[in-house]
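# Residue-level structure breakdown
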Amino acid sequence: MDRGLILEVRDASFRYAGAARDAIAGVSLAVSAGEFVALLGPNGSGKTTLVRLALGLHDPHAGSAAILGRAAGQWPRGALARVVGVVSQREDNLFPQRVRETVRLGRYPHLGPWARERDEDRAAVERALERCDVAGLADRWLWTLSGGEYQRVRIARALAQEPRLLVLDEPTASLDLRHEMELFELVRGLVDGSGLATVLVTHDVNLAARFADRLVLLAEGSVRAAGTPADVLRRDVVEAVFGWPLAVSSFDDRPQLTPLRRQP
Amino acid sequence: MKWLVLSLALLAALLAAVTLGPATVPAGQLFRSAIFWDLRLPRALLALLVGGSLGAAGASLQSLVRNPLADPFLLGLSGGAGLGAVLAIALHLGGAWTLPLAAFAGALLALGLVFRLGLVGGSALDPRVLLLGGVAVGAFCGAVTTAVVSLAEASALRNAYLWLWGGLSGASWDTVTLVAVYVPLPLVVLLAAARPLDLLTLGEEPARYLGTDVAVTRRRVYLAASLLTAAAVAVAGVIGFVGLIVPHLGRALFGGRHRALLPASFLAGGILLLLADTLARTAVAPRELPVGVVTALVGVPLFVLLLRRWTAA
Amino acid sequence: MRRCAQLLVLLALACRPAERGASTGAAPARRIVSLAPSLTELLFALGAGPQVVGRTAYCLYPPAARAVPSVGDGLNPSVEAIAARHPDLVLLYRSPQTETAARQLDALGIPTMLLKDDRMEDVARTARLLGRATGRAAAGDSIARVIDSLLAAPVLPTPTRARIAFVVWDAPPIVIGSGSYLDELVAMAGAENVFHDLHTPSATVSLETIASRDPDWIAILRDSLNAQPPAWAGRREWRTVRAVREGRFLILPAELFGQPSPRAPEAVAFLENLLNHSPLPAPQ
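Quick caveat: nothing in here was measured; it's all calculated off a predicted structure. (Residues numbered from 1 in each chain as written. Chains lettered and ligands numbered in written order. Predicted model: local features only at pLDDT ≥ 70, side-chain atom pairs only at ≥ 80, totals over all residues.)

## A look at the sheet that holds strand β3 (residues 89-93) of chain C
Residue and element names in this part refer to chain C. Spatially, the 4 strands line up as an open sheet ordered β2-β1-β3-β4, and their pairing is parallel. The sheet is open, and its two borders are formed by β2 (52-54) and β4 (112-115), each paired with just one other strand. Put simply, the sheet's adjacent strands are angled 30 degrees from each other on average, direction ignored. Where strand β1 (residues 32-34) and β2 come together, 2 bridges link them in parallel fashion. Within β2, the residue paired with Ile-32 across the bridge is Val-52. Across the sheet, helix α2 (residues 37-45) lies against β1, β2, β3 and β4, angled at about 135 degrees from β1, the strand it touches most. (Pairing = 2+ DSSP bridges. Helix = DSSP H or I, 4+ residues; strand = E, 2+ residues; numbered from the N terminus. Axes fitted to C-alpha atoms, helices over the stretch in contact; angles between N-to-C directions. Contact = placed C-beta atoms within 7 Å.)

## A few points about the interface of chain A and chain B
Counting residues at the interface gives 19 residues for chain A, matched by 21 residues for chain B. The greatest single-element share of the side of chain A that touches chain B, amounting to 3 residues, is contributed by helix α2 (residues 77-81) of chain A. Its residues assigned to classes, the side of chain A that touches chain B comprises 10 nonpolar, 5 polar and 4 charged. (Nonpolar A, V, L, I, M, F, W, Y, C, P; charged D, E, K, R; others polar.)

## Section: the arrangement of the chains
Here 2 pairs of chains make contact, and the pair sharing the most contacts is chains B and C. No interface is formed between chain A and chain C, the nearest pair of C-alpha atoms being 39 Å apart.

## A look at the sheet that holds strand β5 (residues 70-71) of chain A
Residues and elements named next belong to chain A. One open sheet accounts for 4 strands, arranged β2-β1-β4-β5; its pairing is antiparallel. Where the open sheet ends on each side, the last strands, each with one partner, are β2 (24-32) and β5. Two elements, strand β1 (residues 5-14) and β2, share 6 bridges in a ladder whose sense is antiparallel. Residue pairing across strands places Glu-8 opposite Ala-30, the latter belonging to β2. Where helix α1 (residues 47-54) meets the sheet, it contacts β1, β2 and β4 (62-67), and its direction lies at approximately 120 degrees from that of β1.

## Here we look at helix α11 (residues 264-277) of chain C
Residue and element names in this part refer to chain C. The terminal C-alpha atoms of α11 lie 20 Å apart, and with 14 residues this matches the ideal 20 Å at 1.5 Å per residue to within 8%. Those residues of α11 that fall on the buried side of the exposure criterion are Ala-264, Ala-267, Val-268, Leu-271 and Leu-275. Down the axis of α11, the sector holding all buried residues measures 100 degrees, keeping them to one side. Opposite the buried face of α11, at more than 90 degrees from it, the exposed residues are Glu-266, Asn-273 and His-277. Next to the buried residues of α11 lie α5 (120-133), α6 (137-152), α7 (181-188) and α10 (254-257). (Expected span 1.5 Å × (residues − 1). Buried ≥ 20, exposed ≤ 12 C-beta atoms within 10 Å, placed from the backbone. Arc of directions from axis to C-beta.)

Set out below in structure tokens:
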């Protein structure tokens, strides 16, 4: 096994109970340390199912999903949380919380039910706050933050887990241009700075192409294209997947898509 | 510092509970009087244990069902306890401990039903199903109670309800010992679930990603909190508002982390019930108010205050 | 079970007696439905038993009353079940619920009387009223005279003037106050209700209060004539009350004591007899 290989999904298929077709069928995905992989695809193409499979929330009906060589579903949740940090699409704080408090939750996988927080836990929290540039917000209430600040805080919490794999599920949805850019810059910096393996699910094809090392384009539950941005974002492939006419240009040596008007 | 204040408040409440009462006991004879040793002291300790249990159960249930308005009695246990008590009366079951035991059995029955209903929504005990199941089981037990009463004798209802709202008048060293032996286990289970409970307040999915086995946590917390409530209802009847208000006070003072919140809610619940019961015994002496009335009279204004704070925020 | 019914009667707030309906001078009622145990007993005492065509499930005295068909509950009466007995007079214990039932019966053209017989003097007045309504005025007057003379008779205190607490419910403890028939019986028997200062028929009190008032006797009502102390007497908190510790219970037959009754003299004698033959231990 490649020592750098963190996540490996191989020929995985999964069908929800009562569904007519497989949510994903024969999908493979490998992510190594220091690699930034973006998961693209239309709504309902199986991105979330693939992520859930990779995180052991579902067991594949065929094929396999493994993290650090161990089947994802076999990991005890606590042990998995020491290896994988996830920024999920939604979360809903029941009670008001402050920034540092919520980031401290990221240390829980490292603490037994009775153990007190150690110095190294507090240090990890401060480090995570700094790395996401939210140390200045540490004492603020979560509900006073802007959308971009809030997402950075959630990434800080995932970093406090000191994971080897970071999974982000549409972290830039509903963020404005600047916050979106800041977030992608942050993730890129984390990958480069710490060798974190990163999977990012997004609808922003162009930013994915600018920042990610590899793209995986899903359609109807299978991988339509995977590889470098230039390999994946070919006009015919993307047009077919999204069902919309496009023009492909290039910026910073990365492909960029421009959707076309149907009736110019 | 906060803990010191809480401990001092507890001492003061205990002191008030054992020195105040409808009977006048000269201070010098207090420690030699049966009223102190056999009535006031066990009653005060029972108030502390029951109030504490309700506080801790309320705090954990609010996080479990993700509803800040959850009260330990929302999950159908009082209905089950009432049914148990009414059945015991209707079936002419005698014996000194019949009513508490029957109420406890009824509460356990309701607990089991709600738990089973909760599993309908999946092994992870969907909190919405749990809440609806609790309300449904409570209403169902209430209906069966009414049916039993109308078929047997209308006044049985009244007596069962007198008992069900009777508060701490049944306190003795027997009940205190029983509760003191019983309560630590569910409390330890709740405390062990303190970190997973913190995570559950973020939602089911984030909690999972932060290492929580959601299904196991929910089952343990539900069972432990319900067992605490069932014991409370068996020895002290239905006492509203303690389990609802105390966790919010605890959060305001000690933050949302359950490692601090649960012990704080236990202490604050004990203090609140001690004070409420002292008031119930002395306010209209020699008559006595149901302690549930006092907790509601104190609890509702506090609750309104909390609501105002929330809506203002 | 019966004590529940009695408790309910005792708990009902006793106040102004007020009767209405059934104009005097009308023909005597021939078909009477009685919706209170005390009224049923009084009717039978008047010799009007054969005119009673309906009773409540709790009207068990005199034994002959049990032969009368039951119409169910008296405090929450079923108008339909009552009407099915085709009564020409319905007697109700006055309460908000029974007032509604009385209005409904009036609307059906069935005469009603709402009576509140909570105290000894009510028994005398009710006896006269029912005597006239049933065409047995002489019997009514004679019962009333017996009660009046009992009320007028000087009370001979028992040698020790026994102090009694009537406990009607144990959790929470409920005792009888001065607004009640039982309190009157206790006084007439020359004893003292330690909760005479509570002006309601009954009240919830704390055990501490009972213990500190330290009654010589705990009186309880019971259906059966077994002399066993009540189950709650074994509970440790109750044992702080000296009378409970010493097993000093007055077990009174509910059938005689549970409701205001023309047999009040008998009840007083019963209680006097119990107290005189169970002398108190010398005070420590």
